[in-house]
Amino acid sequence: MTTNQLISQIKKKKSFLCIGLDVDLKKIPPHLLKEEDSIFAFNKAIIDATHHLCVAYKPNTAFYEAYGIKGWKALEKTINYLNEKHPEIFTIADAKRGDIGNTSTMYAKAFFEDLAFDSVTVAPYMGKDSVEPFLAFENKHTILLALTSNQGAFDFQTKTVDGKELYKQVLETSKTWEHSENLMYVVGATKAEYLADIRQIIPDSFLLVPGVGAQGGNLQDVCKYGMNNQVGLLINSSRGIIYASNEDDFAKAAAIKAKELQQEMEIELKRL
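Since we're looking at a predicted model, the values are computed, not measured.

### Re the sheet that holds strand β4 (residues 119–122)
Spatially, β1-β2-β3-β4-β5-β8-β9-β10 is the arrangement adopted by the 8 strands of the closed barrel, whose pairing is parallel. Mean inter-strand twist for the sheet, computed between neighbouring axes without regard to direction, equals 30°. Pairing geometry for strand β9 (residues 207–209) and strand β10 (residues 233–237), over 3 bridges, is parallel. When the bridges of β10 are listed, L208 appears paired with L234.

Quick look at the structure:
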């Protein structure tokens, strides 16, 4: 999917919502555990109930890898279902990969070719030759971890090195890499006050913003400091939507929560 296609969907749906599909079998409705593939049954119900309210889905691969081969097969069925039924939706493999040379190429092939995701999250710590293999894939996007919403982000990302915060150096350096036009960036919603500075460095890039909802991030603050004239934001909510209920009405409850966020986003879009 191209960036322009993503922007078109945002305008059409009046939404820049990304729903995280982080499936924990301990949290899903008990009746789904009787299904042959409980993970996919849960995902399918969530997708069927919310696809008209969001522009992206983001399965975190750890929640599938934890269940071994059955989890990986459920991930494959999920992405195949999305690509077949809702090809207009942007898909994100939240895998946080990153290694050098041929290893990165193989990671990229796994997510871009075999599973046919539109994008994958990548850690920048190993630098240029660990990220450029992902960027080489046409019409695919690499979402670089820039400033995350966890407490440990302050261990390294905000440290000053040679007079500048490390996350700013990551942003600036990444712009020099080959095919950097295929980059997007992860910026946590709980770091909304940093967004103004981030937009000075990457004014036109899309930002994937986790942390709204369960982690306490504020949508309005993110939009105030992070939105550009092409929107430039994908706001992710996972637990706050998919676990709105663990009863038979779980999909309906998820749709209600997604609709609430979509309506807030529609208001923000009118400010453009």
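Now that the structure has been shown, the text picks up again.
### Remarks on a nonpolar patch on the surface
Nonpolar side chains collect at one region of the surface, where I100, Y125 and M126 lie side by side and expose about 370 Å² of accessible area between them. Position of M126 among the secondary structure elements: in the loop between β4 and α6 (128–135).

### Some remarks on the UniProt feature "active site" (unreviewed entry) in the protein chain
Within this numbering scheme, the UniProt entry marks K96 as carrying the feature "active site" (unreviewed entry). Residue classification places K96 among the partly exposed residues on the basis of a relative accessible area of 42%. Polar side-chain contacts of K96 include one of 2.7 Å to the side chain of D94.

### Thoughts on the packing of aromatic side chains
Note on aromatic pairs: each is described by the distance of the centres and the angle between the planes. Inspection of the entire model under this criterion finds 7 aromatic pairs. The interplanar angle of 55° and the centroid separation of 5.3 Å between the aromatic rings of F112 and F137 together place this pair among those described as tilted. Taken together, the residues F112 in helix α5 (residues 101–114) and F137 in the loop between α6 and β5 (141–147) connect sequence positions 25 residues apart. Take F137: its relative accessible area is 16%, and that puts it in the buried class. Centre to centre, the rings of Y167 and Y194 are 5.7 Å apart; their planes meet at 85°, and the pair counts as edge-to-face. Here the residue Y167 occupies a position in helix α8 (residues 166–174), and Y194 occupies one in the loop between β8 (183–187) and α9 (195–201), the gap between them amounting to 27 residues. Each member of the pair, Y167 as well as Y194, is classed as buried. Through a chain of ring-to-ring contacts, the aromatic side chains of F42, Y243 and F250 assemble into a single cluster.

### Details of helix α10 (residues 219–226)
Considered for burial, the residues of α10 that qualify are L219, V222, C223 and G226. Taken down its axis, α10 places every buried residue within 95° of arc, on the same side. Backbone nitrogen of Q220 and a side-chain oxygen of the N-cap are separated by 3.0 Å at the start of α10; the cap is N218.

### A look at the environment of K73
Mapping K73 onto the fold places it in helix α4 (residues 68–85). Taking the C-alpha atoms as reference, K73 lies 22 Å from V122; in sequence the two are 49 residues apart.

### Regarding the environment of F112
Residue classification places F112 among the buried positions, given a relative accessible area of 4%. Placed 29 residues apart in sequence, F112 and H141 show a C-alpha to C-alpha distance of 9.2 Å. Other than its neighbours up to four places away in sequence, F112 contacts F117, D118, S119, V120, F134, F137, K140, H141 and T142.

### What about the packing of helix α2 (residues 38–50) against α4?
Contact geometry for α2 and α4: axes closest at 9 Å, N-to-C directions at 25°. It follows from the interaxial angle that α2 and α4 lie roughly parallel. In this structure, α2 meets α4 at a crossing whose hand is right-handed. Residues I39, F40, N43, K44, I47 and D48 of α2 pack against G71, A74, K77, T78, Y81 and L82 of α4. By residue class, the composition of the contact of α2 with α4 is 6 nonpolar, 3 polar and 3 charged.

### Quick look at the side chain of E132
Note that E132 resides in helix α6. Ignoring anything within four residues of it in the chain, the contact list for E132 reads W177 and E178.

### What to know about the nonpolar core
Ranked by internal contacts, the top residues of the largest apolar core, which has 92 residues, are L6, F16, I19, F42, L233 and I235. Tallying contributions element by element places helix α12 (residues 250–269) first for this core, with 8 residues. Filtering out sequence-adjacent residues up to four positions away, I19 remains in contact with T50, C54, A56, Y57, K58, N236, S237, I241, I242 and A258.

### Examining the pairing of β4
Burial of the side chains of β4 extends over both faces: S119 and T121 are buried on one face and V120 and V122 on the other. Pairing of strand β3 (residues 90–97) with β4 involves 3 bridges; the strand directions are parallel. Of the residues in β4, the one forming a bridge with R97 is V122. In this fold, β3 hands off to α5, which returns the chain to β4; that crossover is right-handed. For the segment spanning β4, α6 and β5, crossover handedness is right-handed.

Conventions adopted
- Residues numbered from 1 in each chain as written.
- Predicted model: local features only at pLDDT ≥ 70, side-chain atom pairs only at ≥ 80, totals over all residues.
- Heavy atoms only, no water.
- Pairing = 2+ DSSP bridges.
- Helix = DSSP H or I, 4+ residues; strand = E, 2+ residues; numbered from the N terminus.
- Axes fitted to C-alpha atoms, helices over the stretch in contact; angles between N-to-C directions.
- Patch = residues over 30% accessible without salt bridge, like charges linked within 9 Å, V, L, I, M, F, W, Y side chains within 5 Å.
- Areas by Shrake-Rupley, 256 points an atom, 1.4 Å probe, with all protein chains shown as cover.
- Salt bridge = Lys/Arg side-chain N within 4 Å of Asp/Glu carboxyl O.
- UniProt positions renumbered as here; feature names shortened; annotations may be inferred.
- Buried < 20%, exposed > 50% of the residue type's maximum accessible area, 1.4 Å probe, protein only.
- Polar contact = N/O pair within 3.5 Å; in protein donor to acceptor, adjacent residues only side chain to side chain.
- Phe/Tyr/Trp six-rings, centres within 6.5 Å; stacked < 30°, edge-to-face > 60°.
- Arc of directions from axis to C-beta.
- Contact = heavy atoms within 4.5 Å.
- Parallel < 35°, antiparallel > 145°, perpendicular 65-115°, else oblique.
- Left-handed = near helix turned anticlockwise from the far one by under 90°.
- Nonpolar A, V, L, I, M, F, W, Y, C, P; charged D, E, K, R; others polar.
- Core = buried A, V, L, I, M, F, W, Y, C linked by side-chain atoms within 4.5 Å.
- Right-handed = clockwise from strand over helix to strand, strands pointing away.

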